[in-house]
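# Coordinate inspection notes
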Amino acid sequence: MGDRAGSLTTVPHRMAAAAGAGFRLGQRVHAAGDPRRAGTVRYLGPVDGHAGDWVGVDWDGGAGGRHDGSLAGRRYFAAAGDRSASFARPAALSPGIALRDAIRLRYRVDDFTKEEQDEMYVFSTSQKRVSVELVGTNKVREKLKNFDELLCASVSFME
């Protein structure tokens, strides 16, 4: 285990696979339910004195954690700050989704099911259900047909 900040700790493959629950060293994650609290996975495996599998995270901004990657005198990984790291259960973290998948989900136009189309409505002032018609989908579909050739995208923070 290295002494420099941000170093990754390796654990035997068997333990990493069990602990990670789909996470990997160096992966970007955020706290489940709080996408603004993001960090980097620095450790996968058991933590002495605590049952189960853990994910060691070095949180962005050098704060927001409980320690520096060591616990009860044992160093599991080196964090960027004195209190920028914490251990979390895999269920308490989210890997988010890839930008490519997020863009596809946000701008999908071809794959609405009949049920989804039937659920697109608003209520009028007299509380009558009025169907919503998607206008301009042909233009969007035309722009997205070359999605695989996308070289640059600009996105703002979306919740």
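Our structure is the block above this text.
Residues numbered from 1 in each chain as written. Predicted model: local features only at pLDDT ≥ 70, side-chain atom pairs only at ≥ 80, totals over all residues. Heavy atoms only, no water.

### Quick notes on the packing of aromatic side chains
All chains considered together, the criterion is met by 4 aromatic pairs. Ring geometry for Tyr 43 versus Tyr 76: centroids 5.2 Å apart, planes at 70°, classification edge-to-face. Separated by 33 residues along the polypeptide, Tyr 43 in strand 2 (residues 34–47) and Tyr 76 in the loop between strand 5 (74–75) and strand 6 (85–88) bring together distant segments of the chain. Tyr 76 carries the same exposure label as Tyr 43, and that label is buried. Ring plane angle 85° and centroid distance 5.9 Å describe the contact between Phe 77 and Phe 87, whose orientation is recorded as edge-to-face. (Phe/Tyr/Trp six-rings, centres within 6.5 Å; stacked < 30°, edge-to-face > 60°. Helix = DSSP H or I, 4+ residues; strand = E, 2+ residues; numbered from the N terminus. Buried < 20%, exposed > 50% of the residue type's maximum accessible area, 1.4 Å probe, protein only.)

### A look at the sheet that holds strand 7 (residues 93–94)
Read from one edge to the other, the open sheet built from 5 strands follows the order 6-3-2-1-7, with strand pairing classed as antiparallel. Each edge of the sheet is formed by a strand with only one pairing partner; in this case those strands are strand 6 and strand 7. In this structure, strand 1 (residues 28–31) lies alongside strand 2, joined through 4 bridges in antiparallel fashion. The residue of strand 2 that forms the bridge with Val 29 is Gly 39. (Pairing = 2+ DSSP bridges.)

### What about the pairing of strand 1?
In this antiparallel pair of consecutive strands, strand 1 and strand 2, the connection spans 2 residues, and Gly 33 shows a positive phi of 85°. Here strand 1 pairs with strand 7 via 2 bridges, running antiparallel. From the neighbouring strand, His 30 faces strand 7, where its bridge partner is Ser 94.

### Topic: the environment of Ile 97
One can find Ile 97 in the loop between strand 7 and helix 2 (99–107). With 68 residues separating them along the chain, Ile 97 and Val 29 place their C-alpha atoms 9.7 Å apart.

### Let's talk about unusual backbone geometry
One can expect most non-glycine residues to show negative phi and most peptide bonds to be in trans. Unlike most non-glycine residues, Ala 72 shows phi in positive territory, near 55°. Mapped onto the elements, Ala 72 comes out in the loop between strand 4 (70–71) and strand 5.

### Here we look at the nonpolar core
With 10 residues, the main nonpolar core is built from Phe 23, Val 29, Ala 31, Val 41, Leu 44, Val 55, Val 57, Trp 59, Ala 88 and Leu 93. Those elements giving two or more residues to this core turn out to be strand 1, strand 2 and strand 3 (50–59). Per element, the largest residue contribution to this core is 3 residues, and it comes from strand 3. If near-sequence neighbours (up to four positions away) are discounted, Ala 88 is found in contact with Trp 54, Val 55 and Leu 93. Counting 8 residues, the second-largest nonpolar core is a separate cluster that includes Val 47, Tyr 76, Phe 77 and Phe 87. (Core = buried A, V, L, I, M, F, W, Y, C linked by side-chain atoms within 4.5 Å. Contact = heavy atoms within 4.5 Å.)

### Considering the environment of Ser 70
Position of Ser 70 among the secondary structure elements: in strand 4. We classify Ser 70 as partly exposed; its relative accessible area is 21%. For the pair formed by Ser 70 and Val 47, sequence separation is 23 residues and the distance between their alpha carbons is 10.0 Å. The contacts of Ser 70, once residues within four sequence positions are left out, are Arg 75, Tyr 76 and Phe 77. Within the structure, Ser 70 has its side chain in polar contact with the side chain of Asp 68 (distance 2.6 Å). (Polar contact = N/O pair within 3.5 Å; in protein donor to acceptor, adjacent residues only side chain to side chain.)

### Here we look at the side chain of Ser 84
The topology assignment puts Ser 84 in the loop between strand 5 and strand 6. Judged by its relative accessible area of 0%, Ser 84 is buried. Side chain to side chain, Ser 84 and Asp 58 meet in a polar contact 2.6 Å long. Contacts of Ser 84, omitting those with residues within four sequence positions, involve Val 57, Asp 58, Trp 59, Gly 62, Ala 63, Gly 65, His 67 and Ala 79.

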